[in-house]
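Observations on chain architecture
So you can see what is in the structure, the chains are spelled out below.
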Amino acid sequence: MSAENSSANVPGAATPAPSDFVRDIVARDVAEGRYQRIITRFPPEPNGYLHIGHAKSICLNFGIARENQGICHLRFDDTNPAKEDIEYVESITQDVNWLIAGWADQCLGYKMKGTGPATVTTGGKPDFTIASVPATTPGSEAFFASDYFEALYAYAVQLIQRGKAYVCDLTPEETDAYRGAPDKPGRNSPFRERSITENLDLFARMRAGEFPNGARSLRAKIDMASPNVWLRDPLLYRIRHTAHHHAGDKWCIYPLYDFAHCLSDYLEGITHSVCTLEFTEHRPLYDWILESLDLPRSLPHQYEFAKLNISYMVFSKRRLLQLVDEGYVQGWDDPRLPTLSGARRRGIPASAIRRLAALVGVTKYESVTDIALFEHAIREELNSLAARRLAVLRPIKVILTNLSAGEVIPCEATNNPQDETPSTRPVALTREVFIESDDFAEVPPPKYFRLKPGGEVRLKYACIIKCDEVVKDASGRITELRCTADLSTRSGAPNADRKVKGTIHWVSASNCIDAEVRLYDRLFKVAEPAATDDFRQHVNPQSLEVVNAKLESSLAAATSRDYFQFERLGYFVADAKDSSPSRLVFNRTLTLKDTWAKPAGGKA
RNA sequence: UGCCCGAUAGUGUAAUGGUAGCACAACGGAUUCUGACUCCGUUUGUCUAGGUUCGAGUCCUAGUCGGGCAGCCA
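What you see is a predicted model, and the numbers here were worked out from it, not measured in a lab. Residues take numbers from 1 onward in each chain, read along the sequence in its written order. Lettering of chains starts at A and numbering of ligands starts at 1, both following the order in which they are written. Reporting in this predicted model follows two pLDDT cut-offs: at least 70 for local features of residues, and 80 or more for side-chain atom pairs to be given and counted; totals over whole chains, interfaces and linings ignore these cut-offs and use all residues. With hydrogens and water set aside, each side-chain value is computed from the structure's full complement of heavy atoms.

Focus: the protein's contact with RNA strand B
- We call a residue near a given molecule or strand whenever any one of its heavy atoms falls within 4 Å of it. Of all residues adjacent to RNA strand B, which total 64 residues, the nearest are D176, R388, F449, S491 and R568.
- Close to the protein, within 4 Å, the atoms of RNA strand B are drawn from sugar and phosphate at a rate of 62%.
- The contact in question runs from a sugar or linking oxygen of RNA strand B to an N or O atom on the side chain of R240, over 2.9 Å.
- Note that a sugar or linking oxygen of RNA strand B is positioned 3.3 Å from one of the side-chain N or O atoms of T503.
- Looking at side-chain class alone, the surface near RNA strand B contains 23 nonpolar, 17 polar and 24 charged residues. What qualifies as a polar contact is a pair of N or O atoms within 3.5 Å, subject to a donor-acceptor requirement within protein and to the restriction that residues adjacent in sequence count only when both atoms come from side chains. Classes in brief: Ala, Val, Leu, Ile, Met, Phe, Trp, Tyr, Cys and Pro nonpolar; Asp, Glu, Lys and Arg charged; the others, Gly included, polar.

Quick word on the nonpolar core
- Counting residues in hydrophobic clusters, the biggest one holds 58 residues, and the most contacted among them are F62, L99, L323 and I353.
- Broken down by secondary-structure element, the contributors of at least two residues to this core are α2 (52-67), β2 (71-76), α3 (86-100), β3 (108-112), α9 (317-325), α10 (340-346), α11 (350-360) and α12 (371-385).
- Helix numbers and strand numbers start at the N terminus; a helix is a DSSP run of H or I with at least 4 residues, a strand a run of E with at least 2. By residue number, the principal contributor to this core is α3, which donates seven residues.
- When near neighbours in sequence (up to four residues on either side) are disregarded, I353 contacts A55, W98, L99, L340, A343, I348 and F374.
- Counting 41 residues, the second-largest nonpolar core is a separate cluster that includes F143, V157, L159 and L231. The nonpolar core is taken to be a set of buried Ala, Val, Leu, Ile, Met, Phe, Trp, Tyr and Cys residues, with the residues joined through side-chain atoms within 4.5 Å. When accessible area is computed with a 1.4 Å probe and restricted to protein chains, residues below 20% of their type maximum are described as buried, those above 50% as exposed, and intermediate ones as partly exposed. Two residues form a contact once any of their heavy atoms are found within 4.5 Å.

Some points on the environment of A135
- You can see A135 is positioned in the loop between β6 (133-134) and β7 (140-141).
- Take A135: its relative accessible area is 23%, and that puts it in the partly exposed class.
- Put simply, A135 and C107 are 28 residues apart on the chain and 8.3 Å apart in space, counted from C-alpha to C-alpha.
- Setting aside residues no more than four positions away along its own chain, A135 makes contact with L108, Y110 and S140.

Some points on the domain arrangement of chain A
- One can read the domain layout of chain A as domain 1 (165-255), domain 2 (317-385 + 515-591) and domain 3 (388-510).
- Taking the mean C-alpha position of each, domain 2 and domain 3 sit 30 Å from one another.
- At the interface, 22 residues of domain 2 touch 24 residues of domain 3.
- Both sides together, the interface formed by domain 2 and domain 3 hides about 1,800 Å², and carbon and sulfur atoms give 50% of it.
- What counts as a salt bridge is simple: a side-chain nitrogen of Lys or Arg found within 4 Å of a carboxyl oxygen of Asp or Glu. Inspection of the domain 2/domain 3 interface yields four salt bridges.
- Put simply, E552 and R425 hold a salt bridge, and the shortest N to O gap is 2.7 Å.
- Applying the counting rule to domain 2 against domain 3 returns 15 residue pairs in polar contact (both at pLDDT 80 or more).
- Among the secondary structure elements, those contributing two or more residues to the side of domain 2 that touches domain 3 are α12, β26 (512-520), β27 (544-552) and β28 (564-566).
- Split into classes, the residues belonging to the side of domain 2 that touches domain 3 amount to twelve nonpolar, five polar and five charged. The start and end points of each domain follow an automatic or database-based domain assignment. Two parts placed together each lose some accessible area under a 1.4 Å probe, and adding up what both lose gives the buried area.

Overview of the packing of α3 against α11
- Two numbers describe how α3 lies on α11: the axes approach to 8 Å, and their chain directions differ by 80°. By the angle between their directions, the pair α3 and α11 is classed as roughly perpendicular. Listed contacts from α11 to W98, L99 and I100 of α3 are A350, I353 and R354.
- When grouped by side-chain class, the residues that make up the contact of α3 with α11 number five nonpolar, no polar and one charged. The angle between two axes is taken between their N-to-C directions and runs from 0 to 180 degrees, where each axis is a line fitted to C-alpha atoms and a helix contributes only its stretch in contact. When an angle is under 35 degrees it counts as roughly parallel; over 145 it counts as roughly antiparallel; between 65 and 115 it counts as roughly perpendicular; any other value is oblique.

Observations concerning the environment of N415
- Within the element layout of this structure, N415 appears in the loop between β18 (408-414) and β19 (424-430).
- The exposure class of N415 is buried, given its relative accessible area of 13%.
- Taking the C-alpha atoms as reference, N415 lies 14 Å from S553; in sequence the two are 138 residues apart.
- Every residue in contact with N415, bar those within four places of it in the chain, is listed here: A386, A387, R388, R389, S423, T424 and R425.
- Of note is the side chain of N415, whose polar atom sits 3.0 Å from the side chain of R389.

Regarding the sheet that holds strand β23 (residues 478-486)
- Any two strands with at least two DSSP bridges between them are considered paired. Strand order in this open sheet of seven strands is β24-β21-β22-β23-β17-β20-β25, and the pairing throughout is mixed. Either end of the sheet is taken by a strand with one partner, and the two such strands are β24 (503-504) and β25 (506-508).
- By the bridge criterion, eight bridges tie strand β22 (residues 464-472) to β23 in an arrangement that is antiparallel. When the bridges of β23 are listed, I464 appears paired with D486.

Digging into the sheet that holds strand β12 (residues 253-255)
- The strand order β9-β10-β11-β12 describes an open sheet built from four strands, whose pairing is antiparallel. The outermost strands of the open sheet, each flanked by one partner alone, are β9 (165-168) and β12. If you compare each strand with its neighbour and ignore which way they point, the axes differ by 20° on average.
- Across four bridges, β9 lies against strand β10 (residues 217-220) in antiparallel orientation. Counterpart to C168 in the pairing with β10 is S217.
- Here helix α4 (residues 149-161) sits on the sheet in contact with β9, β10, β11 (235-239) and β12, set at roughly 120° to β11.

The structure is reproduced here in structure tokens:
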């Protein structure tokens, strides 16, 4: 089960393990024997839902782990109690597990519930460390930065003792003013030269709750004139009299990202800390903190890559929140959203998202991936995964006049022609059937090879029919088509090979079920909605159309875990929330490619 | 106008001083009991200017364009 050159992440395709500049760095470090084991991490803040952009990072971090027999920790970067919530830790945990299931779940590292870093001695020096256990271990849970607060506090004290941190009494506004500007150096805080003793005392009293929010902070003592503003005595701790969703009400001072993140990585033994580009200018601070402490184990290193953008989508937390709050969509798991929960509900397999991640690669260039590439990845997966079924979205009735009322002609339908040995299921042809209204044209456009007056078409898996008569009501609307079935062309019958240009799908009117079908389309009309003045003005009003469809009866047993292709239409899945045996609801994941629709200019 | 990062077909990416390749998209064709899938073919590219070198997408210099950075957010 070597993960080395495994292509198991991409079913049906013998693609090699991906290669990119981050993996090259890891490979180099492995070759040089720099680490005993590769450990990466995915560190979301529990303040929102995961989306396909996060999936790129998950696939990278877990991919590196599985390709190197390593581990990837799921760690909640929960250092800001004001913005975070347990609701998000639950959804994030679920989404990560869903995305990596069957691919990298063996690499998922958790820790034992309720535990924090242990005090150990490494090379004769005092040290803190926290070990991972397989996520399958009973009583385990994800890592939480908030479990490290005690150790982080000890590290802060050590920094003060080394003269590398001080308590500052400047207000937030003053701190801002003292920081200067990118092209202007900052000024030293008047509190910068406090004695170590005084700093120690003040920091202890900050922890003890003696001061109100914002009254004081702990700052690193680096260089107020540095061209890198993150080195201008950045804040390490702030006072927040707020309870924490994971740590409880134990603390009223909370570490900031820059202080917590690098040390969390160290505590967990992370070797490669991979994050997005906007943290590049923080890297010198990441290194400074680790190097300013007396840390006996090898230090983690940060590497940055460009986050994922996909055309016709928005990813920012703010915009996603607006779409939900202002009712453009119906919740965080709305199938039109790029959230992982939305994608799952839409019927997009996790393997398709992983395939996309492999396809887009990893670079430092901030690109916009064509949504067509994502759709390609989805179709590629679903083509091999989805069972074929017959369903008619916009029915017109067809009477096969040469069949008697109770007559049932059994037919065999293929479940998936992509299977090595495709299985079949029975479907029944009866006197009355439904066909797709698009599959009949009274006045056919050029090169139309579906049904037309006097024309022939094959009902898939059944036989060829000929349209004899178009029946209309008083208003001129077509109510039914009267056709004759050529039973000698049934599959297996003597004339089965007779060629007609078109083959269409159908369902038996007397042996079908009704269902609500939600036809989803892209949420935006423009390629880069986030780049416009107001992205909300470009929401596609046709992103959802609901129809009442007729389905072959076998679909009654569908669950939200079964992927289907409704033949000639697209990929569909039962809605996880709203579908029930008594009221079936299907979501369209994606249409099939349609090279006819374009030249025909849409509806004929 | 301080610092950092980046730029290769329409899009995304490969080439690590030695024939610019792949995927998606587009277009044309074959096949087809899904106008799907599959197969074959075609179009389109190294930001600019200098320099180093037998040889530069790659190294150097300058410029252009794009992105990021001045939260007690992450």
